[in-house]
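Here is what each chain is made of, one letter per residue.
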Amino acid sequence: MKSDVRDESAGSWTAATRRQLERRLPWENLLPDRQPFWVGSWVYVFGVVTIAALAWVVLSGVVLAAFGPQWWHLSSVGRFFNSLHFWSVQVFFVFMVLHLWGQYFMASWREGRAPTWMIGVVTFAISIVTAFTGYLAQQNFAAQWIAMNAKDAINGTGVGGFFNVLNFGQMYGLHVMLLPIAIIALVFLHIVQVRMKGVVPPIGHEPEPAVTWDLRK
Amino acid sequence: MDQPAGYLHWGFILISWPNLLLIGLMVVLFGLALILPFPGHGSSTEEEKRA
């Protein structure tokens, strides 16, 4: 009966998408409870810590956006959240770079994993722009100083007409809306890619591991 | 904290001490991640091998 329904919907885009997702993203791949034994290494923790830091960046950023610049500069709780936002960004970048080093030295783009690598590269680049717009959105003298120094460099690249670092509204809008959405979407795609292709094996190792590591233990 | 950071200027290399310290700490952390054993991993693998 089930197969009859599928046959009837052979020309349907919805059915085709469902079949693709079922084939390429089965639940046991999306939420696995077993991993190849080589995943049991601290090197594989760097990516997870980066995601945890991103969660703190987003959460503290939402609070900052809700209460505004006077609150984050003048009140003690506001300054705490301002610092939380700043330091979680530092942790985010430190562990993203450590994750990058680890994946670079194990050539993680091997065996059909180039999209995973490229999504990571683009996420890194967008994260730098997001952090830069964050410095411009502080609403203090440091932000003005950075904007005044950056404008000539940005104009020198030819994108000054579209990306005006002296325009607070544009920088703030990019920082709290467009760029975070892009980063979260790309990180989601990055994780889905890892789930689809599996964690890259060590160089010279068999593609299919004989021994697996049970994550439930 | 309100003072500008000191800089290492060695030939063409110019980097602030805090940035250099952070990069050094990252290299140390990366090295530790490579050599430190991961908790619970070894015993699980041995059990799988015996099974």
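Please read all numbers here as calculations on a predicted model, not as lab measurements.

Some points on the nonpolar core
Residue and element names in this part refer to chain A.
Thought 1: Grouped together as the largest cluster of nonpolar side chains are nine residues: F46, A53, L54, V57, V89, F92, F95, M96 and L98.
Thought 2: Those elements giving two or more residues to this core turn out to be α4 (45-67) and α6 (76-105).
Thought 3: Counting residues per element, this core draws most heavily on α6, which supplies five residues.
Thought 4: For V89, the contacting residues outside a window of four places in its chain are V57 and A131.
Thought 5: Residues L136, A137, M171 and L174 belong to the second largest nonpolar core, which totals five residues.

Focus: the domain arrangement of chain A
The extent of an interface is frequently quoted as the accessible surface area lost upon association of the parts.
All names here are of chain A.
Thought 1: Here the domain parsing of chain A yields domain 1 (38-106) and domain 2 (109-198).
Thought 2: Listed by partner, the interface residues are ten residues for domain 1 and eight residues for domain 2.
Thought 3: With five residues, α4 is the largest single contributor of residues to the side of domain 1 that touches domain 2.

Topic: α4 of chain A
Residue and element names in this part refer to chain A.
Thought 1: Spanning 23 residues, α4 covers 34 Å between terminal C-alpha atoms, matching the ideal 33 Å at 1.5 Å per step.
Thought 2: Within the sequence span of α4, burial applies to F46, G47, T50, A53, L54, V57, S60, G61 and L64.
Thought 3: The secondary structure elements touched by the buried residues of α4 are α5 (69-74), α6 and α9 (168-197).

What counts, and at which threshold
- Residues numbered from 1 in each chain as written.
- Chains lettered and ligands numbered in written order.
- Predicted model: local features only at pLDDT ≥ 70, side-chain atom pairs only at ≥ 80, totals over all residues.
- Core = buried A, V, L, I, M, F, W, Y, C linked by C-beta atoms within 7 Å.
- Buried ≥ 20, exposed ≤ 12 C-beta atoms within 10 Å, placed from the backbone.
- Helix = DSSP H or I, 4+ residues; strand = E, 2+ residues; numbered from the N terminus.
- Contact = placed C-beta atoms within 7 Å.
- Domains from an automatic or database assignment.
- Expected span 1.5 Å × (residues − 1).

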